[in-house]
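# Examining the three-dimensional arrangement
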Amino acid sequence: MGTGSKSSHQSYAVSPTALAEAPAAPLDITGAPSAGEGTDLTGAAAGAAGEPAFEVPELPEPVVEPALPAEPPAGEEAPAELDALLGAESEPEPVVSAEPSEEETQEASAEAEGVVAEGELQSSGEEPAAEEAVLLQAEDIEDVQEEEEETDPPLTPVPAAPPVGEPTGTPILVGGDDFINSEATLVAYNSPDGPREVLLTHISEEAEEKLLDALSIPGTHMEEIQVEEEVKERLDLDKENKLAELTKTAVSSVQHKLKTGSEMSDASIAKHQAAVDAVSAVLNDPSISDDEKTMAQHYMDQLNVVKDKIDNGGAPMPWMDAYEVTATKMVTKQIPVPDGEPEPGTLAATVRKASRIQAHLDPATGQTSWDGVTRSSAKGTEYEIDMGDGWKAVYRPYKDNDPKHTEFSLRGQLEVHAPAGAGHGKDLVDRLEQLHLMNKPMTAAEGEWTYLANNIQAQGLEGSAGMKAAMETAQGLQDLQVQEIVHQRMESLMGLDSDALQTAMKRIHLEASHKVLPMKVEVVRDAVAKASGFSSGAELAASSGYEPTPSTSGKWLTWSRFDVTGNKAEIQSAFKGRSLSHNLNGGDLASLLGVGVLASTEKRAVMGIGGGLGLSEQADKMTGGANSVFLRVKKTPAKPGGGRLIWDDPSVLMQRSDYYAYNGDHYGAINPAHHNYNAGAITRDPMKIAKFTGSSNEIMFRNGIDLLGAEAPSRIVCHTAAERSSILASLTARGITQLGGKPVEDVLCTEADY
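In this text the structure is predicted, and so the values were computed from the model without any measurement. Note that residues are indexed from 1 along each chain, following the sequence as it is written. Per-residue local features of the predicted model are confined to residues with pLDDT of at least 70, and side-chain atom pairs are confined, for both listing and counting, to 80 or more; whole-chain, interface and lining totals are unaffected and use all residues. Only hydrogens and water are removed before side-chain values are computed, so all heavy atoms of the structure are retained for them.

We count a stretch as a helix when DSSP gives it H or I for four or more residues in a row; a strand needs E for two or more, and each element gets its number in order from the N terminus. Helices and strands together make up the secondary structure of the protein chain, namely 23 helices and 23 strands. Exposure categories follow from relative accessible area, calculated using a 1.4 Å probe and restricted to protein chains: below 20% of the type maximum is buried, above 50% is exposed, and the middle band is partly exposed. By the burial criterion, 48% of the 754 residues in the protein chain qualify as buried. By the convention used here, residues are in contact when the closest approach between their heavy atoms is within 4.5 Å. Contacts in the protein chain between residues far apart in sequence, at least 24 positions, make up 78% of those at least 6 positions apart. Surface accessibility follows the Shrake-Rupley procedure with a 1.4 Å probe radius. Residue values consider only the protein chains on display as shielding. When the accessible surface of the protein chain is totalled, it reaches about 34,100 Å², and 50% of it is carbon and sulfur.

Shown next as structure tokens:
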């Protein structure tokens, strides 16, 4: 049911933990171009015909690394593993220049030796081992990243120890595209053994293969065995003379004429005769075996039927099969090893029934606790992952949770658990690397990339002219940068074994991503600008509505959409006389404001608020609506009832980029396999939402709404004056004197005030 008819959308809330899914699959703005699509990095042929080209910013000159030659030694080729990691692209051709003079060569050599000596890359005249060279490069990358953090600090610094017992936890942003909206939350639950610190996030479906590649899952490790097996196959004489092929060609040609009622053509007659000649030659060979004679007669019998149809016509012929015999052979098969040892470099995972952290929120103290063990059951499958040293993770995969039969809202959720005790905040983020996921806090430059991606999706710009070309160009820039770095470090990479090479390449991709990000942002910003009516990316960036950093008020991190923040008056005019509202349906308003956030079913679960509060919680989990809170647009009530939250200025929430809506009750469905889902009825357009007339319309906001910050409602309607006084006293005691820029006294009201 929609808001106003079910208590599952009432007074409890959660911070950005297991992140909700968007109405459509997140836009892949880093995916490689598909086969056959243009990948010309000049932009001239990058998109579909008629799409404007994009000027590619010039790549910076590659860093000179004297100790690591730019190409492999003579006579050696790059290993196959390296080719596979780089994909089908060949490495960039080295720049050919004039032969340097002997004097220049000596000077360059002397300079290189000086750099090597200074960097301690040589000892007693010996070259470092390849693994050591890559390790040193990795340390250099970390140094570069530390320098970048000083000039481009994280948008959300990672706390060493998240506040213990805080139910909404600490929201953070992680760089890259591995997580939906790049969001994660650090929660420290109270427990008898000390704080239980957990990272909660929701990875994108596109990133799942990377995570699965880090795991050894029972039943997925395969080994080859030789087994005897009965197989059906054609005789060698049949294959050599192509009797089956010739017969089927004749049958198909005549069959077509029979089905269409056409006259037999000379071509059909010729195909039949060719087959007859080939089969007759075999039948007339006295040296063939009995099996071969039976085979040839099988085809001649079929060709006799074809001859009758050529001469007399009639109904289409029955299907004619090739002649096969049964033989017993030794065949090689791959079978799963249920309890095999984890493959080298992977983490052992156990498959089990899906579950959720079963935390408990103390209503008296507002603190949340969990013993680190107790879990509630869920409908689906999850992996428990041993990360070593007392660390573990729990992941609910997309691929093993069929949307038709499992809880859609769980798919992609990831938990990373630290050992008992405080102070693991940064380690929780770092440990994501073990799962092959990005593990660095998001910087401002990365934030703009995520902001643009969210606006492309929210405003429906994916199919705009030039957008496809821009995305391909952005990916091409990163691929080219990877090639440049590999070219520079070829010698050291060639000396690595497979596992070390995988590690080195991951670091190279990370380094390449950092280097080209400003250029990728520039290309995509320009395309977004032109798709939304701006003359250039520079004009868009300078506009009043362009806010490429998330809102961090209260307990939430939300990204805005510039088509709303830059046109607030237009949105307010469209909603004139209409409001957004949420009805608690008998829920405890004081408890809700004590927590301070209106949260989704999934958020309430990890927060420690038990289930069973709503009429359709389980249905919402199946539709995917459980990852959102539900509001409704309706005519501004003159006499609102108690237990209501009202936003008289809907632009406050419409500026978010994460909502979707139905002009009817669809249980917030984003699960394409659910009967309540309707792709044609979903909208993210605020101007269409303003015109909703359905009495059961619903607007879903992912994760929830911060009730005590900038997103606070303009009116909170209490049932009685006593309830209002109690809530007012509680807010005052906590130092909260304003809500959404208005005095608390003006926001809190009662039914009797109208």
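This part takes up the side chain of S560. Along the chain, S560 falls in the loop between helix 14 (537–542) and helix 15 (562–565). Residue classification places S560 among the buried positions, given a relative accessible area of 8%. Leaving out residues up to four positions away in the same chain, S560 has contacts with Y451, N455, E547, T565, Q655, R656 and S657.

One open sheet holds the eight strands; their spatial order is 1-2-3-12-11-10-7-4, and the pairing between them is mixed. If you trace the sheet from one side to the other, it starts and ends with strand 1 (170–173) and strand 4 (215–216), each paired once. Bridge count between strand 10 (residues 375–388) and strand 11 (residues 391–395): five bridges; the pairing is antiparallel. The residue of strand 11 that forms the bridge with E384 is V394. Strands qualify as paired when DSSP identifies two bridges or more between them.

A word on the side chain of Q255. The residue Q255 is located in helix 6 (residues 243–260) in this model. On the accessibility criterion, Q255 (13% relative accessible area) is buried. Not counting the four nearest positions on each side in its chain, Q255 is found in contact with P316 and M317.

Turning our attention to the state of the cysteines. By convention in this document, the label disulfide applies to cysteine sulfur atom pairs within 2.5 Å. Tallied over the full model, the rule gives zero disulfides. C718 carries a free sulfur, and the closest cysteine sulfur to it, the one in C749, is 6.8 Å from it. The exposure class assigned to C749 is buried, which follows from its relative accessible area of 6%.

A few words now on the nonpolar core. As a rule of thumb, nonpolar side chains are buried together in soluble globular proteins. Residues enter a nonpolar core if they are buried and are Ala, Val, Leu, Ile, Met, Phe, Trp, Tyr or Cys, with the set joined through side-chain atoms within 4.5 Å. L580, M654 and F701 are the most contacted members of the largest nonpolar core, which totals 37 residues. Other than its neighbours up to four places away in sequence, M654 contacts R561, V564, I571, F575, L580, Y659, P686, I689, I699 and F701. Judged by nonpolar contacts, the second largest core, of 33 residues, contains L347, A418, V429 and L510.

Below, the discussion takes up the pattern of salt bridges. By definition here, a salt bridge exists when the distance from a side-chain nitrogen of Lys or Arg to a carboxyl oxygen of Asp or Glu is within 4 Å. If you walk through the whole model with that rule in mind, you get 24 salt bridges. We note a salt bridge from D238 to R234, for which the minimum N-O separation is 3.2 Å. Since its relative accessible area comes to 18%, R234 is described here as buried. Residue D400 pairs with K399 through a salt bridge whose shortest N-O separation is 3.2 Å. Overall, K399 belongs to the partly exposed group, its relative accessible area being 48%. One salt-bridge network, in which partners are shared between bridges, spans R352, R375, E382, E384, K392, R396 and E415.

What follows deals with the packing of helix 11 (residues 467–488) against helix 13 (residues 498–531). Convention adopted: a line fitted to C-alpha atoms gives each axis, helices being fitted over their contacting stretch, and angles between N-to-C directions are expressed from 0 to 180 degrees. Taken N-terminus to C-terminus, the directions of helix 11 and helix 13 make an angle of 155°; their axes are 8 Å apart at the nearest point. Relative to helix 13, the element helix 11 lies roughly antiparallel. Helix-helix and strand crossings are classified by hand; for helix 11 and helix 13 the assignment is right-handed. Taken together, the residues of the contact of helix 11 with helix 13 sort by class into 18 nonpolar, five polar and three charged. Note on angle classes: values under 35 degrees are labelled roughly parallel, values over 145 roughly antiparallel, values of 65 to 115 roughly perpendicular, and the remainder oblique. Here is the rule for handedness: rotate from the far helix to the near one, and if that takes an anticlockwise turn smaller than a right angle the crossing is left-handed, while a clockwise turn gives right-handed. When residues are sorted by character, Ala, Val, Leu, Ile, Met, Phe, Trp, Tyr, Cys and Pro go into the nonpolar class, Asp, Glu, Lys and Arg into the charged class, and all the rest, Gly among them, into the polar class.

Okay, the packing of helix 6 against helix 8 (residues 290–312) next. Their axes nearest at 10 Å, the elements helix 6 and helix 8 cross at an angle of 20°. Comparing their axes, helix 8 and helix 6 come out roughly parallel. Considering how the two elements wind past one another, helix 6 and helix 8 form a crossing that is left-handed. Contacts between helix 6 and helix 8 involve L243, A244, T247, A250, V251, V254 and L258 on the former and, on the latter, M295, Y299, Q302, L303, V306, K309 and I310. Along the lines of polarity and charge, the residues of the contact of helix 6 with helix 8 split into 11 nonpolar, two polar and one charged.

A score from 0 to 100, pLDDT tells how confident the predictor is in each residue. Residues at a pLDDT of 70 or more form 78% of the protein chain, whose mean pLDDT is 82. Confidence over residues 1–76 falls short of pLDDT 50; this stretch has 244 contacts with residues more than four positions distant or in other chains. Contacts of residues 88–141 to residues separated by more than four positions or lying in other chains number 39 contacts, the stretch itself having pLDDT below 50.

For strand 4 and strand 7 (residues 347–357), the ladder comprises two bridges, and the chain directions are parallel. Across the sheet, the residue bridging to L215 is L347, located in strand 7. By the bridge criterion, eight bridges tie strand 7 to strand 10 in an arrangement that is antiparallel. Bridge pairing in strand 10 places I357 opposite R375.

Only the six-membered ring of Trp is used, alongside the rings of Phe and Tyr, when aromatic pairs are assigned; centres must lie within 6.5 Å, and planes under 30 degrees apart are stacked while those over 60 apart are edge-to-face, with the rest tilted. All told, the structure shown has five aromatic pairs when counted by the stated rule. With a centroid separation of 5.8 Å and 70° between ring planes, the pair formed by Y189 and W370 is classed as edge-to-face. Of the two residues, Y189 sits in strand 2 (residues 179–189) while W370 sits in the loop between strand 9 (368–369) and strand 10, which places them 181 residues apart along the sequence. Given a relative accessible area of 0%, Y189 falls into the buried group. Considering the side-chain rings of F534 and F562, the 6.2 Å spacing of their centres and the 75° angle between planes classify their relative orientation as edge-to-face. One end of the pair, F534, is in the loop between helix 13 and helix 14; the other, F562, is in helix 15, with 28 residues separating them in the sequence.

Strand order across the open sheet formed by seven strands is 17-18-15-13-16-20-23, with mixed pairing between neighbours. Since the sheet does not close on itself, it has two edges, and those belong to strand 17 (659–662) and strand 23 (748–750), each with one partner. Mean inter-strand twist for the sheet, computed between neighbouring axes without regard to direction, equals 30°. Where helix 22 (residues 721–733) meets the sheet, its contacts fall on strand 20 (715–718) and strand 23, and the angle it forms with strand 23 comes to roughly 170°.

This brings us to the pairing of strand 3 (residues 196–203). For a regular strand, side chains alternate in direction, first toward one face of the sheet and then toward the other. Of all the eight residues making up strand 3, eight are buried; the element is thus mostly covered by neighbouring parts of the structure. Neither face of strand 3 is open: one carries R196, V198, L200 and H202, the other E197, L199, T201 and I203, and all of them are buried. Bridge count between strand 2 and strand 3: seven bridges; the pairing is antiparallel. What sits directly across from F179, in strand 3, is I203. Count of turn residues in the strand 2/strand 3 antiparallel hairpin: six residues, of which G194 carries a positive phi of about 105°. Direction of pairing for strand 3 relative to strand 12 (residues 413–417): antiparallel, over a ladder of five bridges.

What follows concerns the environment of E224. Turning to its location among the elements, E224 is positioned in strand 5 (residues 222–233). Spatially, the C-alpha atoms of E224 and T332 are 6.4 Å apart, while their sequence positions differ by 108 residues.

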